[in-house]
Amino acid sequence: MKSVRIKKIDLPLFEKKVNLFDGESKKSVLSASKISPVNFNGCIPKRLYSLFDRTYCYAEDGTIYQMVENEFFQIMEKSFSSEPNILSMRNRAEETLLICDNEKGYFLNDEENSLKATYSKVYCHAFGKIISAKGRKLIVEHSFNLVSDQYEFKKEFCFTTEADEGDIVGICQYGEDILLVCKHKIITLNLVKNAFGAQVERVNTPHINALENSFNLCGENAIFISGNEIAVYNNGNLSFYPFSSKVNELSIFGDCKEIDGKFYLIPFTVDGEKSMLCFSLDTRTFFEMKGEFSALSKNGGLFYKDDNLYKISQVATSGKLDFDYLGAKTLYKIEIKCEGRARLIIDGDFSKKQFDLKAGLNQICCNLTSSEFGFSFDNASSDFCILESKVTYTKI
């Protein structure tokens, strides 16, 4: 019998950088990535702010810092006894910041003169006016002037809700109106249409029981917690989305936050363990992040942990790998540089493989043949984030 020798043919290898987090068809969640390196210059964050494309910090010593090129600098020597509000306003023809707590306020370009006004945790700055609420009373203030070495606002308009409507728990500018979320009612005010006060309209909605510190404006959606549900208001329509059984008003601590108009964050505890419930405005679904989120920013998704600054951002948990080749292929190797840890699952036509990822560069020999490949992540740590990814494959 004559033997035949089959010559091995080495197929050429192709490399391609891939972005695992592109594509609208992928399910999105949140993950936390480290902003490094950050020089805090002795600042210990008590509350972070992501405002006007800048990062600010209310520090443990009561003063205000700003981050410039990943380094914090003190921008105001005045200290505040409680967590302040930071507003962008004009003073003496200059765009500046008004920083105020429940007792006093100062312009960043004039620290010597305090600003007398009605300060509250429930407030907004709209149409050149400071609008604040205390209980059922809404106060609109405008036309501040420097008098006797102190700035003083002139009260322009006051409005009190009905007793059965309850206290005002949230205020925001909503188009041409001011939107008030009261304990049991939603009200819109238009300060332009009525020269002697405001045009008041009460929105016809189902009964609500709005929770304090839960109101946020996420894009065009005004969101708050009512009972054991999230209430989403959009142009006169109010929709409700119930929590899971382990989250309720009693388990929620602190104020709720928003990220980029797309996510609403609810801090809660279960059996003493802190966690974060995330509500996606795109998919109207919930998912959970575990961990300690110190000094969490009111918006923008920044937090402080172990002398590092982290950014909560949108990532994908699953999708398809794009090879620029539609035929059958062998995924020879995949390289992933990441922070944190997770389990990567690669899914082919006939089988799937799982690989544990750790912080740094992960070089994975896959050797999986398929016409197309899917991927997903599981058991991700709170700081998991993909920095770079590349595939090596052969065409068959």
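What counts and how
Residues numbered from 1 in each chain as written. Predicted model: local features only at pLDDT ≥ 70, side-chain atom pairs only at ≥ 80, totals over all residues. Heavy atoms only, no water. Core = buried A, V, L, I, M, F, W, Y, C linked by side-chain atoms within 4.5 Å. Buried < 20%, exposed > 50% of the residue type's maximum accessible area, 1.4 Å probe, protein only. Helix = DSSP H or I, 4+ residues; strand = E, 2+ residues; numbered from the N terminus. Contact = heavy atoms within 4.5 Å. Pairing = 2+ DSSP bridges. Polar contact = N/O pair within 3.5 Å; in protein donor to acceptor, adjacent residues only side chain to side chain.

Participant: Now, about the nonpolar core: what can you tell me, with residues and values included?
Facilitator: If you look at the biggest cluster of nonpolar residues, it comprises 22 residues, and the most contacted ones within it are Leu-321, Leu-331, Ile-336, Leu-344, Ile-346 and Phe-377. Breaking this core down by element, the ones donating at least two residues are strand S30 (329-339), strand S31 (342-347), strand S32 (352-357), strand S33 (360-370), strand S34 (374-378) and strand S35 (385-395). Here this core takes 4 residues from S30, the largest share from any one element. With residues up to four places along the chain from it excluded, the contact list for Leu-344 reads Ile-334, Ile-336, Lys-353, Gln-354, Phe-355, Leu-357, Ile-364, Phe-375, Ser-376 and Phe-377. Formed by 18 residues, the second largest nonpolar core is a distinct cluster that contains Val-140, Phe-159, Ile-171 and Leu-180.

Participant: An account of the side chain of Asn-299 is requested, with residue identities and associated values reported.
Facilitator: Examined against the element boundaries, Asn-299 turns out to sit in the loop between strand S26 (286-290) and strand S27 (302-305). With a relative accessible area of 19%, Asn-299 lands in the buried category. Residues in contact with Asn-299, not counting those within four places in the same chain, are Ser-50, Leu-51 and Glu-258.

Participant: For the pairing of strand S21 (residues 229-234), give the residues involved together with the corresponding values.
Facilitator: Relative to S21, strand S20 (residues 221-226) runs antiparallel, the two sharing 5 bridges. Its bridge partner being in S21, Ile-225 is matched across the sheet by Ile-230. Remark: 2 residues form the turn of the hairpin made by S20 and S21, two consecutive strands paired antiparallel; Gly-227 in that turn has positive phi of roughly 65°. The pairing of S21 with strand S22 (residues 237-242) spans 6 bridges and is antiparallel. Its bridge partner being in S22, Ile-230 is matched across the sheet by Tyr-241. Remark: 2 residues form the turn of the hairpin made by S21 and S22, two consecutive strands paired antiparallel; Asn-235 in that turn has positive phi of roughly 50°.

Participant: Go over the environment of Lys-353 with me, naming the residues and quoting the values.
Facilitator: Of note, Lys-353 is situated in strand S32. Classification of Lys-353 as partly exposed rests on a relative accessible area of 31%. Measuring from C-alpha to C-alpha, the distance between Lys-353 and Asn-367 comes to 9.6 Å, with 14 residues separating the pair along the chain. When neighbours within four sequence positions are excluded, Lys-353 is seen to be in contact with Leu-344, Ile-345, Ile-346, Cys-366, Asn-367 and Leu-368. A distance of 2.6 Å separates the side chain of Lys-353 from the backbone oxygen of Cys-366, its partner in a polar contact.

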